[in-house]
Amino acid sequence: MSISEASRLTGKTRATIHRHINTGKLSKTKDDTGVIGIDISELIRVYDIKIDTSDACIDAVKIEQHNTVIDVDELNTLKTRLAVLEAENHHLKDHVDSLKKAMLMLEHKEQKQEKSSNWLSRLFTK
């Protein structure tokens, strides 16, 4: 996958991904045209990304469905894309959970401030 896709998937900036490649923390790959990319297994190893592909495991070399044949390269591309989307989904769910927690903390803080201001106002208004 590309550096940009890896950045979106991990939540790291492109600069951080490049820095980790340059320091050797993260391994890069090159395709036949010389384009630099990162294998999904490297992202899982370095950033501990959780990917659930148990429902998507396909071991057949070719799939025939409705008279359509998908070759091995297309199948591998689809598997990789599925893994990326599942990891991105997991990352977004974690982000939503953290935003919910932050919201609850803010609401709790506001309630505390209301209670303390009510006590002070009662003290001075009597």
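Above this text you will find the structure in question.
Just so you know, these numbers come straight off a predicted model, no measurement behind them.

Reading the values: the criteria
Residues numbered from 1 in each chain as written. Predicted model: local features only at pLDDT ≥ 70, side-chain atom pairs only at ≥ 80, totals over all residues. Heavy atoms only, no water. Buried < 20%, exposed > 50% of the residue type's maximum accessible area, 1.4 Å probe, protein only. Helix = DSSP H or I, 4+ residues; strand = E, 2+ residues; numbered from the N terminus. Arc of directions from axis to C-beta. Contact = heavy atoms within 4.5 Å. Axes fitted to C-alpha atoms, helices over the stretch in contact; angles between N-to-C directions. Left-handed = near helix turned anticlockwise from the far one by under 90°. Nonpolar A, V, L, I, M, F, W, Y, C, P; charged D, E, K, R; others polar.

On to helix α1 (residues 3–10), then. Note: α-helices contain 3.6 residues per turn, so residues at a spacing of three or four share the same orientation. Every buried residue of α1 is accounted for by Ile3, Ala6, Ser7, Leu9 and Thr10. Down the axis of α1, the buried side of the element spans an arc of 165 degrees, and every buried residue falls inside it. Phi for Gly11, located one or two positions after α1, is positive at around 80 degrees.

Below, the discussion takes up helix α2 (residues 14–23). Buried within α2 are the following residues: Thr16, Ile17, His20 and Ile21. Projected down its long axis, α2 carries its buried residues within an arc of 140 degrees, all on one side. Pointing more than 90 degrees away from the buried face of α2 are the exposed residues Asn22 and Thr23. Elements that come into contact with the buried residues of α2 comprise α1 and α3 (40–47).

Here the focus is the packing of α1 against α3. Relative orientation of the contacting elements α1 and α3 amounts to 40 degrees, with a least axis distance of 11 Å. Crossing of α1 against α3: the hand is right-handed. Across the interface between the two elements, Ala6, Leu9 and Thr10 of α1 pack against Ile40, Leu43 and Tyr47 of α3. Class assignment of the residues belonging to the contact of α1 with α3 gives a composition of 5 nonpolar, 1 polar and no charged.

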